[in-house]
Amino acid sequence: MPVILAIESSCDDTSAAVCVDGVILSNVIANQRIHEAYGGVVPELASRVHQQNIVPAVQQALLNAKVNKNDIDAVAFTRGPGLLGSLLVGVSFAKGFALAQNAPLVEVNHMQAHILAHFIGDHNPTFPFLCLTVSGGHTQIVLVKDYFDMQIIGQTLDDAAGEAMDKTSKILGLPYPGGPLIDKYARQGNPDAYKFPEPQIPGFDFSFSGLKTSILYFIRDNVAKNPDFITENMADICASVEKRIATILLNKFERAAKEYGITQLALAGGVSANTGLRLGLQALCEKNGWEAFIPAMQYCTDNAAMIAIAGYHKYLKGEFIGQDVAPMARMIFKPLTPKGEH
Ligand code: KG4
Ligand code: ZN
């Protein structure tokens with residue numbers, strides 16, 4: 001019954017979780033509100049707030065799980081990808097804790113962990129399945145052959161889906177992070193009120209920078225004619241933008257599933273909290289007779305529970321990493337570890 005402590009600090013949320021034998025017993029998330037005033041995450045501030053939050057978050061996670069620190073069998077942590085300073089706080093804490101407790105370290109790739117969140121609880125996909133991972137920094141269609149055998153078959157060439165949400169909300173004068181606000185306003189709006197273009201990108205790759213520019217020009221032109229255009233039409237604008245982002249994602253996802261002959265489709269990452277996208281995937285799967293896997297809300301945005309479940313499966317494989325491990329701001333699924341370097 002391995003007891004795993006997991007640490008996540010890749011961006012602006014400090015999170016700690018405890019999992020016993022693959023069951024999540026606690027998942028504490030300390031959000032950083034300091035970035036709201038800046039319209040985006042300020043890396044240096046994020047690192048400093050992680051430093052303040054990490055010890056209380058871990059203490060709370062142990063308390064909630066009713067687990068003593070001496071019972072921890074391994075410490076799993078996000079090695080990357082993410083903001084280097086933020087990662088450094090989590091990695092350093094994990095190393096210190098593991099050293100003090102004489103416990104092994106398990107490195108976890110944040111993007112893989114978003115996908116492996118589908119193995120928390122009982123409703124799990126079977127391999128192979130396809131996952132659309134959509135976050136603030138990534139947009140990927142991933143063919144998941146096994147827990148740690150994943151192949152990216154399509155990804156964004158520029159902005160991520162979450163970035164498209166956040167940049168749109170910034171254009172609309174909404175605070176950061178804008179994705180949840182676009183979702184909130186969209187519920188009251190008409191998704192067919194305004195038409196935004198669908199980029200024509202070959203294969204299974206995505207592009208969101210053209211969409212962002214067309215939204216910017218659309219708002220600029222309409223505000224020139226009517227200064228109250230945004231406030232008068234907020235719900236319709238958000239609903240139309242959300243629908244376009246969701247259809248760009250789901251049209252490719254559907255084509256990929258057909259091409260690869262996959263009938264289990266999963267969503268992962270922060271944008272998978274989006275209502276339009278969740279409903280869209282459900283409708284798509286119903287239409288094709290496929291099975292949709294949509295993560296519980298608390299496992300969409302960044303959390304340490306997903307690091308714990310990924311860490312648990314690595315622990316079972318006996319894959320540990322030494323104390324000389326360093327964070328990786330850019331980390332691909334199978335880390336390329338040049339000789340003598342981590
Ligand atoms: O996975 P995540 O928490 O952090 C990264 O690893 O990037 O994703 C954060 C992104 C942000 O862009 C945020 O605006 C978006 O997820 N997001 C949403 C919703 N909740 C979070 N986008 C649309 N609708 C939501 N409900
Ligand atoms: Zn994430």
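Details of the structure are given in the entry above.
Below is a short write-up of the structure. Note that the coordinates shown come from a computational prediction; the quantities given were computed from them, not determined experimentally. (Residues numbered from 1 in each chain as written. Chains lettered and ligands numbered in written order. Predicted model: local features only at pLDDT ≥ 70, side-chain atom pairs only at ≥ 80, totals over all residues. Heavy atoms only, no water.)

## Notes on the sheet that holds strand E7 (residues 139-146)
Here's step 1: With mixed pairing, 5 strands are arranged side by side in an open sheet as E8-E7-E6-E9-E10. Of all the strands in the sheet, the pair left with one neighbour each is strand E8 (149-155) and strand E10 (291-293). Strand-to-strand twist across the sheet, computed as the mean angle between neighbouring axes with direction ignored, equals 25°.
Here's step 2: Judged from the 4 bridges that link them, strand E6 (residues 129-134) and strand E9 (residues 264-268) form a sheet pairing that is parallel. When the sheet's bridge partners are listed, Leu132 is paired in E9 with Leu267.
Here's step 3: Contacts from helix H8 (residues 275-288) reach E6, E9 and E10, with the element oriented near 175° to E9. (Pairing = 2+ DSSP bridges. Helix = DSSP H or I, 4+ residues; strand = E, 2+ residues; numbered from the N terminus. Axes fitted to C-alpha atoms, helices over the stretch in contact; angles between N-to-C directions. Contact = heavy atoms within 4.5 Å.)

## As for the nonpolar core
Here's step 1: By size, the foremost hydrophobic cluster in this structure holds 46 residues, and its most contacted members are Leu130, Leu132, Ile141, Phe208, Ile245 and Leu249.
Here's step 2: Those elements that provide at least two residues to this core are E6, E7, helix H4 (161-171), helix H5 (179-186), helix H6 (209-225), helix H7 (229-260), E9 and H8.
Here's step 3: If one sorts the elements of this core by residue count, H7 sits on top with 15 residues.
Here's step 4: Discounting chain neighbours no more than four positions away, the residues touching Leu249 are Leu132, Val134, Thr139, Ala161, Phe206, Phe208 and Leu277.
Here's step 5: One finds Ala6, Val144, Phe293 and Ile307 within the second-largest nonpolar core, a separate group that totals 35 residues. (Core = buried A, V, L, I, M, F, W, Y, C linked by side-chain atoms within 4.5 Å. Buried < 20%, exposed > 50% of the residue type's maximum accessible area, 1.4 Å probe, protein only.)

## Focus on the pattern of salt bridges
Pairing is possible between side chains that carry opposite charge, provided their charged atoms lie close to one another.
Here's step 1: Taken as a whole and judged by the stated rule, the model has 15 salt bridges.
Here's step 2: The salt bridge partner of Glu36 is Arg33, with a shortest N-O separation of 3.0 Å.
Here's step 3: Judged by its relative accessible area of 60%, Arg33 falls in the exposed class.
Here's step 4: One salt bridge connects Asp159 with Lys212, and the closest N-O pair in it is separated by 3.5 Å. Taken together, the positions of Asp159 in the loop between E8 and H4 and Lys212 in helix H6 put the pair 53 residues apart, joining distant regions of the chain.
Here's step 5: The structure contains a network of salt bridges with shared partners spanning Asp159, Glu163, Lys167 and Lys212. (Salt bridge = Lys/Arg side-chain N within 4 Å of Asp/Glu carboxyl O.)

## A look at the site of ligand 1
Here's step 1: If you check the shell around ligand 1, you find 18 residues, and the closest are Gly136, Asp166, Asp183, Gly270 and Asn274.
Here's step 2: Measuring from an oxygen atom of ligand 1, one finds a side-chain N or O atom of His110 at 3.4 Å.
Here's step 3: The contact in question runs from an oxygen atom of ligand 1 to an N or O atom on the backbone of Gly270, over 3.0 Å.
Here's step 4: When the free accessible area of ligand 1 is taken as 550 Å², the share hidden by the protein chains comes to 89%.
Here's step 5: If you list the elements that add at least two residues to the shell around ligand 1, you get helix H3 (110-116), H4 and H5.
Here's step 6: For the shell around ligand 1, a count of residues per class yields 5 nonpolar, 10 polar and 3 charged. (Near = heavy atom within 4 Å. Polar contact = N/O pair within 3.5 Å; in protein donor to acceptor, adjacent residues only side chain to side chain. Areas by Shrake-Rupley, 256 points an atom, 1.4 Å probe, with all protein chains shown as cover. Nonpolar A, V, L, I, M, F, W, Y, C, P; charged D, E, K, R; others polar.)

## Overview of the pairing of strand E5 (residues 105-109)
Here's step 1: Here E5 lies mainly inside the structure; 5 of its 5 residues are buried.
Here's step 2: Strand direction decides the pairing type here: strand E4 (residues 74-80) and E5, joined by 5 bridges, are parallel. Each residue of the ladder has a partner; that of Ala76, found in E5, is Val106.
Here's step 3: On the question of chirality, the crossover connecting E4 to the parallel E5 by way of helix H2 (residues 84-101) is right-handed. (Right-handed = clockwise from strand over helix to strand, strands pointing away.)

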